[in-house]
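Notes for the structure review
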2 protein chains.
Amino acid sequence: MATTRENMSFRDIKRVVLERIQKRVWAPDSLLPSEVELAEEFSSTRTTVNRALRELAEEGYLERKRKAGTRVLNAPLRKAQFNIPQVRNEIIEAGNDYRYALVTSQMIAAPSWLSAKLGTAPEQYVLYLECMHFADNAPFQYEVRWIVTDSVPTAAEADFATIGPGEWLAQELPFTDLEVSFTATQADQRIADFLDAREGDPIFSTQRTTWLRTQPVTHARLYFAPGYKMTTRL
Amino acid sequence: MATTRENMSFRDIKRVVLERIQKRVWAPDSLLPSEVELAEEFSSTRTTVNRALRELAEEGYLERKRKAGTRVLNAPLRKAQFNIPQVRNEIIEAGNDYRYALVTSQMIAAPSWLSAKLGTAPEQYVLYLECMHFADNAPFQYEVRWIVTDSVPTAAEADFATIGPGEWLAQELPFTDLEVSFTATQADQRIADFLDAREGDPIFSTQRTTWLRTQPVTHARLYFAPGYKMTTRL
DNA sequence: TAGTGGTCTAGACCACCCG
DNA sequence: GGGTGGTCTAGACCACTAT
C-alpha cells in the first residue's frame, strides 16, 4: 500500500511524521518505529530520518532516548520563540520612523538591589542612563539602564546623546549570557510623563541583564507605551 | 601553530567558532572561511562543520547564504525561547499545590471581535468558560476561554468542573497553529475580585489562539495575579 | 558561470540504557 | 546483552546567487 514513490527529503519526512502525530496515527505516549524501520518505509537513509526526528524533538513534539526509542509527547511542550530586537529595528520593521533621545546620564553608586542582581561589589560606581525611543515621534519606549563601567571602560566616553546604549553595547562588545523577563507594571508620574500615559496606567515592561562570561555588563528596564503587545505565531 | 590534535565533534566546532565570534577574531559583518576550509582546519568533514554552522545560524549568530558564504551578524538577533506550559505544570514545577475551579460555563453567540479573530461565522455559538487556577490556594491565574464547539463537538459534554479546558483540549485534540501574545492590562472589578487584587492593578495577561489546520479551535485570555513575572535565560 | 551552502547516501562506531 | 539513537566520515549532486 505505502507507495513511497521517490526518496523523500528530511522536510518531507518531518511533514509526514507531524501529520501522523496530529491525526493520532501515532497517539500521544506511543512509540514510533525505529529510525531504521522508518528509513526503510520512506526509502531513505537513517541519517535523513534522524535529522527529521531530531528537529521534531527540538520543536517539542517528540522525546527521544537511546534504546527506549522515540515517543510522542502527550502534552506537546510547544515553545514560543521571540526575537530580542533592538528597539530601532523593532520600530523600523513596523514601518515607522525611529527617533532616539537621551534624557539623563550620570555616574552613580549602584543601589544595593542592582549589586545583588549583578553580583558586583556594593556601592560600585555605574553609569546610569535614561533614554527615550520614539516611533513616528510618538513615545514608544522609555529606557532606564545601568552599565557597569568596570566591565565596559569605553562606555564612560561613549556619546549616548547620539546613539542608544543598547545599540552601542551591541556593537561595542558581545555578551555571553542574557536574562530577560517580562512583567506588567504601573506607570508612576515620571514614566507616565515620558510615555504620554496617565499615572496608574498598566505598562508592559521588559528587563534585560547581560553578562560577558562571568562579568556583569548591564541591566536595563524597558517601559513600553500603553497598548504595547508582544506577539508570536507558530 | 593551529595544532588541532584530534578530530573535533560538531559541538567542539560550535564552541570554537562561538569563541572566535565573541573574541572578535571574526568581527561582526566579516566573512568566515568556507565550510571546506574549516573542515580542513578542524581536520573534520564538511558535514560536521555544516551542522555546527547551521546550528549557530539558527541560534542567531551567523547568516548563511549560498555563494555569498557565512557572515557574522553584527546585531546578534538573540532569540528567547519560552515554554508554553499548562498552568498545572507551571505551578507544580514551582513547588506549589495546584487547584482548579470552574467559575462559569455557558453557550453564547460569539461576540463580533471573536468571530473576526477566529474567522468564524458571525454569531456562531461557542462555549464560554471562566476558570480559576490556584497555587497553594492563592489565586494564580484567572482564565477566560471560548471554545468553538463546531470544531470540537465533544467539548459540549466535557466536564470542565473537573478538568481545566486547557488540559482537556491538549489531550482531546492537537493543534497545528498557535498565536500567543502578551500585554499589560488593568484589573477591572471582576478580575480584581478573582485575583485578590485591587481594581486598577496592573495585570500581566497572555492571549492564546489555536487552530487545527484552518479550523479555529479556541481563544483564551489568561490573567495572572499581580507580581507575575515571565523569565528566561539564555 | 563559478563558488558556496543545502542535502542525501552508505556505511561505520559508539554511548546509553532497558530488560 | 542487545537495540536504540548520536554522531562522524567520505563522497556526491544540486540550488542558489554574487559577480
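Let me sum up the structure you'll find in this document. (Residues numbered from 1 in each chain as written. Chains lettered and ligands numbered in written order. Predicted model: local features only at pLDDT ≥ 70, side-chain atom pairs only at ≥ 80, totals over all residues. Heavy atoms only, no water.)

Here we take up the protein's contact with DNA strand D. Close to DNA strand D lie 23 residues, the nearest being Arg46 and Arg64 of chain A together with Ser9, Phe10 and Arg11 of chain B. Note that a phosphate oxygen of DNA strand D is positioned 2.6 Å from one of the side-chain N or O atoms of arginine 64 of chain A. One of the side-chain N or O atoms of arginine 46 of chain B is found 3.2 Å from a base nitrogen in DNA strand D. Those elements that provide at least two residues to the surface near DNA strand D are helix 3 (46-58), strand 1 (62-65) and strand 2 (69-72) of chain A together with helix 1 (10-22) and helix 3 (46-58) of chain B. Among the elements that make up the surface near DNA strand D, the one with the highest residue count is helix 3 of chain B (4 residues). Counted by class, the surface near DNA strand D contains 2 nonpolar, 10 polar and 11 charged residues. (Near = heavy atom within 4 Å. Polar contact = N/O pair within 3.5 Å; in protein donor to acceptor, adjacent residues only side chain to side chain. Helix = DSSP H or I, 4+ residues; strand = E, 2+ residues; numbered from the N terminus. Nonpolar A, V, L, I, M, F, W, Y, C, P; charged D, E, K, R; others polar.)

Across the sheet, which stays open at both edges, the 7 strands sit in the order 4(A)-5(A)-6(A)-9(A)-8(A)-7(A)-10(B) with antiparallel pairing between neighbours. Here the strands that pair on one side only, and so sit at the sheet edges, are strand 4 (98-109) of chain A together with strand 10 (229-233) of chain B. Neighbour-to-neighbour, the strand axes of this sheet turn through a mean angle of 15°, independent of strand direction. Taken together, the 5 bridges between strand 7 (residues 177-186) of chain A and strand 10 of chain B define a ladder with antiparallel strand orientation. Looking across to strand 10 of chain B, one finds that threonine 183 of chain A is bridged to lysine 229 of chain B. Sheet strands touched by helix 6 (residues 165-172) of chain A: strand 4, strand 5 (125-135), strand 6 (138-147) and strand 9 (215-224) of chain A. Its angle to strand 6 of chain A, the strand with the most contacts, is close to 50°. (Pairing = 2+ DSSP bridges. Axes fitted to C-alpha atoms, helices over the stretch in contact; angles between N-to-C directions. Contact = heavy atoms within 4.5 Å.)

What follows concerns the protein's contact with DNA strand C. Taken together, 22 residues lie near DNA strand C, and Ser9, Phe10 and Arg11 of chain A together with Arg46 and Arg64 of chain B sit nearest. Counting only atoms of DNA strand C within 4 Å of the protein, the sugar-phosphate share comes to 62%. Take glutamate 35 of chain B: an N or O atom from its main chain is 3.0 Å from a phosphate oxygen of DNA strand C. In the model, a phosphate oxygen of DNA strand C is placed 3.3 Å from a nitrogen or oxygen of the threonine 70 of chain B side chain. At the level of secondary structure, the elements contributing two or more residues to the surface near DNA strand C comprise helix 1 (10-22) and helix 3 of chain A together with helix 3, strand 1 (62-65) and strand 2 (69-72) of chain B. The leading source of residues in the surface near DNA strand C is helix 3 of chain A, at 4 residues. Here the residues of the surface near DNA strand C sort into 1 nonpolar, 10 polar and 11 charged.

A few words now on the interface of chain B and chain A. Taken residue by residue, the interface counts 46 residues in chain B and 47 residues in chain A. Across the chain B-chain A interface, the total number found is 0 salt bridges. Of all the elements in the fold, those that place two or more residues in the side of chain B that touches chain A are helix 3, strand 3 (79-83), helix 6 (165-172), strand 7 (177-186), strand 8 (202-212) and strand 10 of chain B. The biggest single contributor to the side of chain B that touches chain A is strand 7 of chain B, with 10 residues. When the residues that make up the side of chain B that touches chain A are grouped by side-chain class, the tally is 19 nonpolar, 14 polar and 13 charged. (Salt bridge = Lys/Arg side-chain N within 4 Å of Asp/Glu carboxyl O.)

Each full turn of the α-helix corresponds to 3.6 residues, which orients residues three or four apart in the same direction. Of the positions making up helix 6 of chain B, those classed as buried are Pro165, Gly166, Glu167, Trp168 and Leu169 of chain B. Check the buried side of helix 6 of chain B and you find it contacts helix 4 (87-93), strand 4 (98-109), strand 5 (125-135), strand 6 (138-147) and strand 9 (215-224) of chain B. (Buried < 20%, exposed > 50% of the residue type's maximum accessible area, 1.4 Å probe, protein only.)

What describes two packed helices is the angle between their axes and the distance between those same axes. Here helix 3 of chain A crosses helix 3 of chain B at 25°, and the two axes come no closer than 15 Å. Taken together, the axes of helix 3 of chain A and helix 3 of chain B are roughly parallel relative to one another. You can see that helix 3 of chain A and helix 3 of chain B cross each other, and the crossing is right-handed. Taken together, the residues of helix 3 of chain B that come into contact with helix 3 of chain A (itself represented by Arg51, Arg54 and Glu55 of chain A) are Arg51, Arg54 and Glu55 of chain B. (Parallel < 35°, antiparallel > 145°, perpendicular 65-115°, else oblique. Left-handed = near helix turned anticlockwise from the far one by under 90°.)

Now for the relation of the copies chain B and chain A. Between chain B and chain A, which share one sequence, the superposing operator has a rotation angle of 180° and an axial displacement of 0.1 Å; the RMSD is 0.2 Å. Put plainly, the chains are arranged around a two-fold axis. Of all interface residues in chain B, 100% are interface residues in chain A too; the two copies therefore contact each other through one and the same surface. (Least-squares fit on C-alpha atoms with pLDDT ≥ 70 in both.)

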